[in-house]
Amino acid sequence: MSLLSVRGLTKRFGDLTAVDGANFDVEDGEFVSILGPSGSGKSTILRMVAGFETPTEGEIVLAGENIVGTPPFERDINMVFQNLALFPHLTVAENIQYGLKQRGVQKDERERRTEEMLEMVRLPGYGPRDPSELSGGEQQRVALARALVNEPALVLFDEPLSSLDRKLRQHMQTELQRIQAETGITFLYVTHDQEVALSVSDRLVVLNDGLVEQVDSVEALYESPQSQFVADFIGDVN
Ligand code: ADP
Ligand code: MG
């Protein structure tokens, strides 16, 4: 059984079909990217999986259970947003612990797990700092620590590196891969950037104008693209 199964997932906004009958699976421990041009429906898919948007049709099955209708915070899923959204009035440690506190995890356990996560994202000792004292890349790491600390089944990323400069972006790509491998947590990652998607993912879901064009490994997409769109889009790495 796949960790995540998306079946016939459709979202209409009035006359516009943003996502049109999407089907794909994500296996436990995989790093899967949804790749497509701007406006192709990537964020809408992710927001439906997270529970911030209700599907018009279709099923989202997580660990065997259809979670359409389950409130976002009852899903075993965390999301890392494009604009980091750290709480500015809380320290780094308080930001990371926020969700654990809501879930009633005891203070010493919260602090142990926070320290462990700060080590994981290579920011040991940063707990007492204010987010405003950190660089963009460091804030990105804190957002990641916050998403991983309660060990969700699935972490969703919506273009998390798009605001970083090229060098930092490449470094964070490598870091994301390392952290995914070390934690074994399943990542579903949205990007319009072929270079990022092809370098970090086990498999890709290629999206074009709301339609899933192909779901395959990086090698298979290169070697046997199943449409002209996939061939052009995958080939367009600059
Ligand atoms: P992507 O993330 O791939 O850039 P989106 O999922 O954000 O694409 O958007 C897909 C399409 O749905 C776009 O045409 C967008 O304008 C439209 N759309 C997204 N959200 C809404 C909304 N809340 N209301 C109306 N149209 C929307
Ligand atoms: Mg988007």
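Residues numbered from 1 in each chain as written. Chains lettered and ligands numbered in written order. Predicted model: local features only at pLDDT ≥ 70, side-chain atom pairs only at ≥ 80, totals over all residues. Heavy atoms only, no water.

Q: Report on the overall build of the chain, specifying residues and quantitative values.
A: Across its full length, the chain carries 8 helices and 10 strands. For a compact globule of 238 residues, the expected C-alpha radius of gyration is about 18 Å, and the chain comes in at 18 Å, within 12% of that figure. When the backbone C-alpha atoms are referred to their principal axes, the chain occupies close to 50 × 40 × 35 Å. Going through the 238 residues of the chain one by one, you find that 52% of them count as buried. In the chain, the proportion of contacts linking residues at least 24 apart, taken out of those at least 6 apart, comes to 66%. With an accessible surface of roughly 11100 Å², the chain has 46% of that area assigned to carbon and sulfur atoms. Of note, the chain has its 21 positive side-chain charges centred 6 Å away from the centre of its 38 negative side-chain charges. (Helix = DSSP H or I, 4+ residues; strand = E, 2+ residues; numbered from the N terminus. Rg over C-alpha atoms; globule rule 2.2 N^0.38 Å. Buried < 20%, exposed > 50% of the residue type's maximum accessible area, 1.4 Å probe, protein only. Contact = heavy atoms within 4.5 Å. Areas by Shrake-Rupley, 256 points an atom, 1.4 Å probe, with all protein chains shown as cover. Lys, Arg positive; Asp, Glu negative; His and termini not counted. Charge placed at Lys NZ, Arg CZ, Asp CG, Glu CD.)

Q: Tell me what's going on with the sheet that holds strand β2 (residues 16-26), and back it up with residues and numbers.
A: The strand order across the open sheet formed by 4 strands is β2-β1-β4-β5, and the pairing between neighbours is antiparallel. Every other strand in the sheet has two partners, leaving β2 and β5 (65-66) as the edge strands with one partner each. As paired strands, strand β4 (residues 57-62) and β5 are joined by 2 bridges and run antiparallel to one another. If you follow valine 61 over to β5, its bridge partner there is asparagine 66. Contacts from helix α1 (residues 42-50) reach β1 (4-13), β2 and β4, with the element oriented near 115 degrees to β1. (Pairing = 2+ DSSP bridges. Axes fitted to C-alpha atoms, helices over the stretch in contact; angles between N-to-C directions.)

Q: Run through the pairing of strand β3 (residues 31-35), naming residues and quoting values.
A: Within β3, 5 of the 5 residues are buried, which leaves the element mostly enclosed by the surrounding structure. Residues Phe31, Ser33 and Leu35 of β3 are buried on one face, and the alternating residues Val32 and Ile34, pointing to the opposite face, are buried as well. Judged from the 5 bridges that link them, β3 and strand β8 (residues 186-191) form a sheet pairing that is parallel. The residue bridging valine 32 from the neighbouring strand is leucine 188, located in β8. In terms of strand pairing, β3 meets strand β9 (residues 203-208) through 4 bridges, oriented parallel. Its bridge partner lying in β9, isoleucine 34 is registered against valine 205.

Q: Can you lay out unusual backbone geometry for me, pointing to particular residues and giving the numbers?
A: Even without being glycine, alanine 63 reaches a positive phi, approximately 50 degrees. Assignment of secondary structure puts alanine 63 in the loop between β4 and β5. Residues other than glycine seldom take positive phi values, yet arginine 122 does so here, at roughly 60 degrees. Note that arginine 122 resides in the loop between α3 (107-120) and α4 (136-148).

Q: For the packing of aromatic side chains, give the residues involved together with the corresponding values.
A: On inspection of all chains with the given rule, the structure shows 6 aromatic pairs. Ring geometry for phenylalanine 87 and tyrosine 98: centres 4.7 Å apart, planes at 50 degrees, overall tilted. Linking phenylalanine 87 in the loop between β6 (77-80) and α2 (92-102) with tyrosine 98 in helix α2, this pair joins segments that are 11 residues apart in sequence. On the basis of relative accessible area, phenylalanine 87 is assigned to the partly exposed category, the value being 27%. A ring pair is formed by phenylalanine 157 and tyrosine 189, whose centres lie 5.6 Å apart and whose planes are at 40 degrees; its orientation type is tilted. Remark: tyrosine 189 occurs in strand β8 and phenylalanine 157 occurs in strand β7 (residues 154-158); sequence separation between them is 32 residues. (Phe/Tyr/Trp six-rings, centres within 6.5 Å; stacked < 30°, edge-to-face > 60°.)

Q: Can you lay out the nonpolar core for me, pointing to particular residues and giving the numbers?
A: With 33 residues, the main nonpolar core has Leu148, Val155, Phe157 and Phe187 as its most contacted residues. Elements that contribute at least two residues to this core include exactly α2, α3, α4, β7, α5 (166-183), β8 and α6 (194-200). When residues of this core are assigned to their parent elements, the largest contribution, 6 residues, is made by α4. With residues near it in sequence (within four places) discarded, phenylalanine 187 still touches Glu30, Phe31, Val32, Leu148, Val155, Phe157, Leu176 and Gln180. (Core = buried A, V, L, I, M, F, W, Y, C linked by side-chain atoms within 4.5 Å.)

Q: Describe the environment of arginine 112, and please don't skip the residues or the numbers.
A: Structurally, arginine 112 is set in helix α3. The exposure class of arginine 112 is partly exposed, given its relative accessible area of 44%.

Q: Can you tell me about the layout of surface pockets, naming the residues and giving the values?
A: There is about 590 Å³ of room inside the largest pocket. Along the wall of the largest pocket there are 23 residues; nearest its centre are Phe73, Asn78, Met79, Gly99 and Arg146. Broken down by secondary-structure element, the contributors of at least two residues to the lining of the largest pocket are β6, α2 and α4. The class makeup of the residues in the lining of the largest pocket is 16 nonpolar, 4 polar and 3 charged. Within this model, the second largest pocket holds a volume of roughly 180 Å³. Lining the second largest pocket are Leu90, Thr91, Ala93, Glu94, Gln97, Tyr98, Lys101, Gln102, Lys107, Arg110 and Glu111. At the level of elements, α2 and α3 are the ones that each hand at least two residues to the lining of the second largest pocket. (1 Å grid on protein atoms, 1.4 Å probe; cavity = no way out; pocket = protein on both sides within 12 Å on 5 of 7 lines; lining within 4 Å. Points joined across faces, edges and corners; volume = space filled by probe spheres on them. Nonpolar A, V, L, I, M, F, W, Y, C, P; charged D, E, K, R; others polar.)

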